[in-house]
Amino acid sequence: MKSMMKKLMVTAAVIASPLMVSAQEGGDNLTYILVSHAPDSDSWWNTIKNGIALAGKQMDVTVEYRNPPTGDLADMARIIEQATASKPDGIITTLADFDVLSGPIRNAVDQGVDVIIINSGTAEQARDVGALMFVGQPEYDAGLAAGIRAKGDGIESFVCVNHVISNTVVAERCRGFADGLGVPLGSSMIDSGQDPAEIKNRVMAYLTANPETDAILTLGPTSADPTILAVQEMGIAGDIYFGTFDLGTEIVKGIKDGTIQWGIDQQPFLQAYLPVVILSNYDRYGVLPGNNINSGPGFVTAAALEKVEKFAGEYR
C-alpha cells in the first residue's frame, strides 16, 4: 500500500500537469510521468500525448505528460528531477542529450523509480543509465533500411538535409542511408538549420551546385516541408527521388501527389503507449519483456495512406 504522503504528493503533481488521465475508483493508484524534450510548438508530439492518454485509460492508471515549453534541455533535466521528487511509480523519458540528462535519469533509478527511455537515445544508453528498456527506432538501422530500399530503386547519390546537426543520434539516419547505398557520406549531409526559408535556400543551392544528385533524404517535417517547396520551385517535384523520416500533414500530401516516394514512420504512438502498458503490468504482476522494442522503421507509401490520413496527428 502506498503511504498517505505519497498519495498527497502524487495528487499535487497531477493537478499541476498539463495532461493528466486519472485512474478509476478502486484502482491501485499507479502513476507514470512521461517527460519529453519537445517544445510546446512541436505538434508532432501530439501523437505521443494521445498514446499515453489512451494507455492510461485502458490500464486504469494515472499518467502525466511534461516538457520544457521552449525545448530547453537544462529545463528538461529539472523537470525529470521534479518528477522523481514526486515519487511516481515510473518515469518514461526521452534521452535527447546524454550529457545533460543522464545524471537526473540515473538519480531517478537510484531513488527506486522505474524508467523507460523512448524516442531519443539508444538501447546502449538506456542500459547505461539503468533504465528497464528502450522503446524507439534504432536510427542507424532505419537509415540503412532506407538506403537499401533506395539502392534497389536505382539510387546512387543523395543529399541528406539535417536540421538537427548537433544531435549525433539523428545524424545516424544519414550515415545508415549512405551505407545502405554503399557510398561514403562525405559532404552529402548538409546542416540546414531550422529556419524554413533557410532550409529551402540551402537545398536549392546544393541541388543547383550538384545537379547529378539522384535523391533527397530529409529527417522530419522541419526539413521536409521546406524541401518540398524547394523541389516545387525548381520544377523537379516528382522527378527527383525523395524520401523522408517521420510523417506530417505536408509529408502525407507529398506522398499522395508523388513528390515523396516514402516516409519512415517511427510510430510515436507506440513509443508512448507501450511503456505505460509495460510498466503497469510490471508493477502489478512482475512481468517484463526480455528485450528493447523497435517501434520503427515502418515505410509509408502512397499505397498505404488510408489509415495514415485517417489518424494523422492523432495516432499516426
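Computed from a prediction, not measured in an experiment: that's the story for all the values here.

**Concerning the packing of helix 6 (residues 139–152) against helix 7 (residues 168–181)**
Axis angle and axis distance: for two packed helices, these are the angle between their axes and the distance between the axes, and together they describe the pair. Interhelical geometry of helix 6 versus helix 7 gives an angle of 30 degrees and a closest axis separation of 6 Å. For the element pair helix 6 and helix 7, the recorded crossing hand is right-handed. From helix 6, E139, Y140, G143, L144, A146, G147, I148, A150 and K151 reach across to helix 7, where they touch V169, E172, R173, R175, G176, F177, D179, G180 and L181. Its residues assigned to classes, the contact of helix 6 with helix 7 comprises eight nonpolar, four polar and six charged.

**What about unusual backbone geometry?**
G296 connects to P297 through a cis peptide bond whose omega is 10 degrees. Turning to its location among the elements, P297 is positioned in the loop between strand 12 (293–294) and strand 13 (298–300). The phi dihedral of N29 is positive, around 60 degrees, even though this residue is not glycine. Along the chain, N29 turns up in the loop between strand 1 (19–21) and strand 2 (31–35). At K87, a residue that is not glycine, the phi angle is positive and equals roughly 55 degrees.

**Remarks on the side chain of H37**
Relative to the helices and strands, H37 is located in the loop between strand 2 and helix 2 (46–59). With sequence-adjacent residues up to four places away left out, H37 is seen in contact with W45, P68, G71, L73, M76, T94, A96, N119 and S120.

**Some words on the pairing of strand 10 (residues 241–245)**
Of all the five residues making up strand 10, five are buried; the element is thus mostly covered by neighbouring parts of the structure. Of the two faces of strand 10, both are covered, the one formed by Y241, G243 and F245 as well as the one formed by F242 and T244. Of the strand pairs in this sheet, strand 9 (residues 215–218) and strand 10 are connected by four bridges, and their pairing is parallel. Note that in strand 10 the partner of L217 across the bridge is G243. Regarding topology, helix 9 (residues 221–234) serves as the crossover connection from strand 9 to the parallel strand 10, and that connection is right-handed. Inspection of the sheet shows strand 10 paired to strand 11 (residues 262–265) by three bridges, in the parallel sense. In the strand pairing of strand 11, G243 is matched with W262. The parallel pair strand 10 and strand 11 is bridged by helix 10 (residues 249–257), and the resulting crossover is right-handed.

**Observations regarding the environment of V170**
By secondary structure assignment, the location of V170 is in helix 7. Judged by its relative accessible area of 13%, V170 falls in the buried class. Once the C-alpha coordinates of V170 and A224 are considered, the two residues, 54 residues apart in sequence, prove to be 15 Å apart. Apart from the residues within four sequence positions on either side, V170 is in contact with V164 and L219.

**Some words on the state of the cysteines**
All told, the structure shown has one disulfide when counted by the stated rule. The side chain of C160 participates in a disulfide bridge whose partner is C174; the two sulfur atoms lie 2.0 Å from each other. Taking the torsion about the sulfur-sulfur bond, which here is approximately -45 degrees, the covalent link between C160 and C174 counts as left-handed. In this pair, C160 is assigned in strand 7 (residues 158–162) and C174 in helix 7, connecting sequence segments 14 residues apart.

Calculation notes
- Residues numbered from 1 in each chain as written.
- Predicted model: local features only at pLDDT ≥ 70, side-chain atom pairs only at ≥ 80, totals over all residues.
- Heavy atoms only, no water.
- Axes fitted to C-alpha atoms, helices over the stretch in contact; angles between N-to-C directions.
- Helix = DSSP H or I, 4+ residues; strand = E, 2+ residues; numbered from the N terminus.
- Left-handed = near helix turned anticlockwise from the far one by under 90°.
- Contact = heavy atoms within 4.5 Å.
- Nonpolar A, V, L, I, M, F, W, Y, C, P; charged D, E, K, R; others polar.
- Buried < 20%, exposed > 50% of the residue type's maximum accessible area, 1.4 Å probe, protein only.
- Pairing = 2+ DSSP bridges.
- Right-handed = clockwise from strand over helix to strand, strands pointing away.
- Disulfide = S-S within 2.5 Å.

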